[in-house]
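Architecture at a glance
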Amino acid sequence: MSENTVSIRHLKEHADQVVHLKGWLNGKRRSGKIGFLQIRDGSGTVQAVASRAELSEQAWEDVKAVTQESTVHVSGTVKVDERAPGGVELHVTDFGVDDLCGEFPITPKEHGTAFLMEHRHLWLRSSRQRAALAVRNEVCQGIRDFFYEREFTLIDSPILTPAACEGTSTLFETDYFGDPAFLSQSGQLYLEPAISAFGKVYCFGPTFRAEKSKTRRHLTEFWMVEPEVAFLEFGGLCDLAEEFIQTLVGRVLERCSEHLEVLERDIAQLEKSTHPFPRITYTKAVELLKEKGQSIEWGEDLGGEDETVLAEHFDQPVLISHFPAAIKAFYMEPDADDPKLALGLDIIAPEGYGEIIGGSQRIHDHDFLLERIKEHDLPLEAFKWYLDVRKYGTCPHSGFGMGVERFVAWMTGVKHLRETIPYPRMLYKIYP
RNA sequence: UCCUCGGUAGCUCAAUGGUAGAGCGAUCGGCUGUUAACCGAUAGGUUGGGGGUUCAAGUCCCUCCCGGGGAGCCA
């Protein structure tokens, strides 16, 4: 017999053909002389129907004995059948167990979060987890395509860094041949020099924050994508950030409908986010929040609840800009019309998913940046090379950063960031 | 770090200070269209650790450990 090994995703294209599958047993129901086997091969799942009358004695014994998550091989005819989830099922002609699985910890019934997190390596096999991580895969590919199509150059920034970008308290420290080194919490400072070489650049990789944050919106290790563009000023930056989000949302809607269905995601919510985003200034946002009864004063940073109130009010992503310079990073360019304000922007996702983008136009004047570094009591020696960007042919430039997990959480409707990354790293948790 | 809730069978949870239980899972048996199948049976426990109160503690008190949710900070 000729080999006709196919993946479950493509079974529909093989109606009435005999095919071979290799995979794992997702679940089983047996009723006397007929068995229903849910087979998963990584590309999808299919129900295989095994009748005693049509099988060898050995194959039927394996059908009776097979346990959840056993490794199996199966041959059968692909049949279109309305009764089957997915539209097709497999009428088994041969079946065998390659590895009989012992009692699998994760059953089809309920489990607590602590238990599931301890079994993250096994939890990955569950349908919701597979769907969420498949969306993450699509988002990551979308990010790379977005920048590649717009002729950005990928500049990988280092993970081991000699000094802090914005203070050391939130950095993971490690030993580097006897000297302290820190895990990167942003690639931005390394990206800025690269704009003078490539014009439009981005980095995409893991970042590390030793913040003792214990919320559903925080990981200690998360992935961030950061574009940085020469000669791009603040207005253009806002447009780029908005187009970026719209493009990614559109791509997820177009290519992940199956996964979003598994996750029971409300698509209508996401469709709103392909339209232009409302844009307001920080000052306007504070006024609005006060009207809504939030206790916030001009000059204070927006709290988590403030973000949620704003997101609910607009019911789609909202772009907030022109923050008080005092609460923002030292490198942000001041507004020419009002130097108390910084040309920074945040994009807040709707439905309580919080800040997904933060960015700014950067200070490009050498002496002014030097002054700012001194004001912030930052170690001048560590920023010598960063100042060189301004010393040797400076230009106005801007960039932003987007947290991949927060974006994926918003797309999938998953409440906690831990389910948007294969192996989450959280406060005090690094197993498995 | 702070606030708050919790830790009992493999899992999810019950149990007035008075004999530790159920459902699911597992195992065995039955069933030819099941969708978290169903029916019958069996096995399964140092109640997170330590100390205390009491005739008696899963239950009350102290302490430590671990976990969930939230806050601050951030993406």
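Residues numbered from 1 in each chain as written. Chains lettered and ligands numbered in written order. Predicted model: local features only at pLDDT ≥ 70, side-chain atom pairs only at ≥ 80, totals over all residues. Heavy atoms only, no water.

**Points about the pattern of salt bridges**
The tally for this structure, following the rule as stated, stands at 20 salt bridges. With a shortest N-O distance of 3.4 Å, Asp16 and Lys79 are connected by a salt bridge. One end of the pair, Asp16, is in the segment before strand S1 (18-31); the other, Lys79, is in strand S4 (residues 71-80), with 63 residues separating them in the sequence. Asp16 gets classed as exposed once you look at its relative accessible area, which sits at 54%. (Salt bridge = Lys/Arg side-chain N within 4 Å of Asp/Glu carboxyl O. Helix = DSSP H or I, 4+ residues; strand = E, 2+ residues; numbered from the N terminus. Buried < 20%, exposed > 50% of the residue type's maximum accessible area, 1.4 Å probe, protein only.)

**Observations concerning the protein's contact with RNA strand B**
Taken together, 46 residues are adjacent to RNA strand B, and Arg29, Lys109, Arg216, Arg406 and Lys429 come closest. Each atom of RNA strand B within 4 Å of the protein was classed as base or backbone; sugar and phosphate made up 45%. Ile357 places a polar main-chain atom, nitrogen or oxygen, 3.4 Å from a sugar or linking oxygen of RNA strand B. One nitrogen or oxygen atom from the side chain of Arg418 is found 2.7 Å from a phosphate oxygen belonging to RNA strand B. Here the surface near RNA strand B is built from residues that sort into 14 nonpolar, twelve polar and 20 charged. (Near = heavy atom within 4 Å. Polar contact = N/O pair within 3.5 Å; in protein donor to acceptor, adjacent residues only side chain to side chain. Nonpolar A, V, L, I, M, F, W, Y, C, P; charged D, E, K, R; others polar.)

**A short note on the nonpolar core**
Judged by nonpolar contacts, the single largest core of 60 residues is most densely connected at Ile143, Phe244, Ile245, Phe407 and Trp410. With eleven residues, helix H6 (residues 234-255) is the largest single contributor of residues to this core. Look past the residues within four positions of Trp410 in its chain and what remains in contact with it is Ile245, Val249, Arg265, Leu270, Ser273, Pro317, Ala349, Pro350, Glu351, Tyr353 and Ile356. Judged by nonpolar contacts, the second largest core, of 23 residues, contains Val6, Ile8, Leu11 and Val92. (Core = buried A, V, L, I, M, F, W, Y, C linked by side-chain atoms within 4.5 Å. Contact = heavy atoms within 4.5 Å.)

**Description of the domain arrangement of chain A**
Assigned domains within chain A: domain 1 (8-99) and domain 2 (120-420). Distance from the C-alpha centre of domain 1 to the C-alpha centre of domain 2: 46 Å. (Domains from an automatic or database assignment.)

**Quick word on the pairing of strand S16 (residues 354-362)**
With seven of nine residues buried, S16 is to be regarded as a mostly interior element. Note: strand S15 (residues 338-349) against S16, six bridges, orientation antiparallel. Along S16, the bridge assignment pairs Ile348 with Glu355. Here S15 folds back onto S16, and the loop between the two strands holds four residues, one of which, Glu351, carries a positive phi near 60°. Of the pairings in the sheet, the one linking S16 to strand S17 (residues 397-403) comprises six bridges and is antiparallel in character. Bridging from a neighbouring strand, Arg362 pairs with His397 of S17. (Pairing = 2+ DSSP bridges.)

**What to know about helix H10 (residues 304-314)**
Within the span of H10, buried status applies to Asp306, Glu307, Val309, Leu310 and Ala311. Its buried side turned inward, H10 meets strand S12 (279-281), helix H9 (282-291), strand S13 (318-324), S15 and S16.

**Section: the packing of helix H5 (residues 188-198) against helix H12 (residues 384-391)**
With their axes 9 Å apart at the nearest point, H5 and H12 run at an angle of 30° to one another. The angle between the axes of H5 and H12 places the two elements in the roughly parallel class. Note that H5 runs across H12; the crossing there is left-handed. Residues Gln188, Leu189, Tyr190, Glu192 and Pro193 of H5 lie in contact with H12, whose contacting residues are Trp385, Tyr386, Val389 and Arg390. (Axes fitted to C-alpha atoms, helices over the stretch in contact; angles between N-to-C directions. Parallel < 35°, antiparallel > 145°, perpendicular 65-115°, else oblique. Left-handed = near helix turned anticlockwise from the far one by under 90°.)

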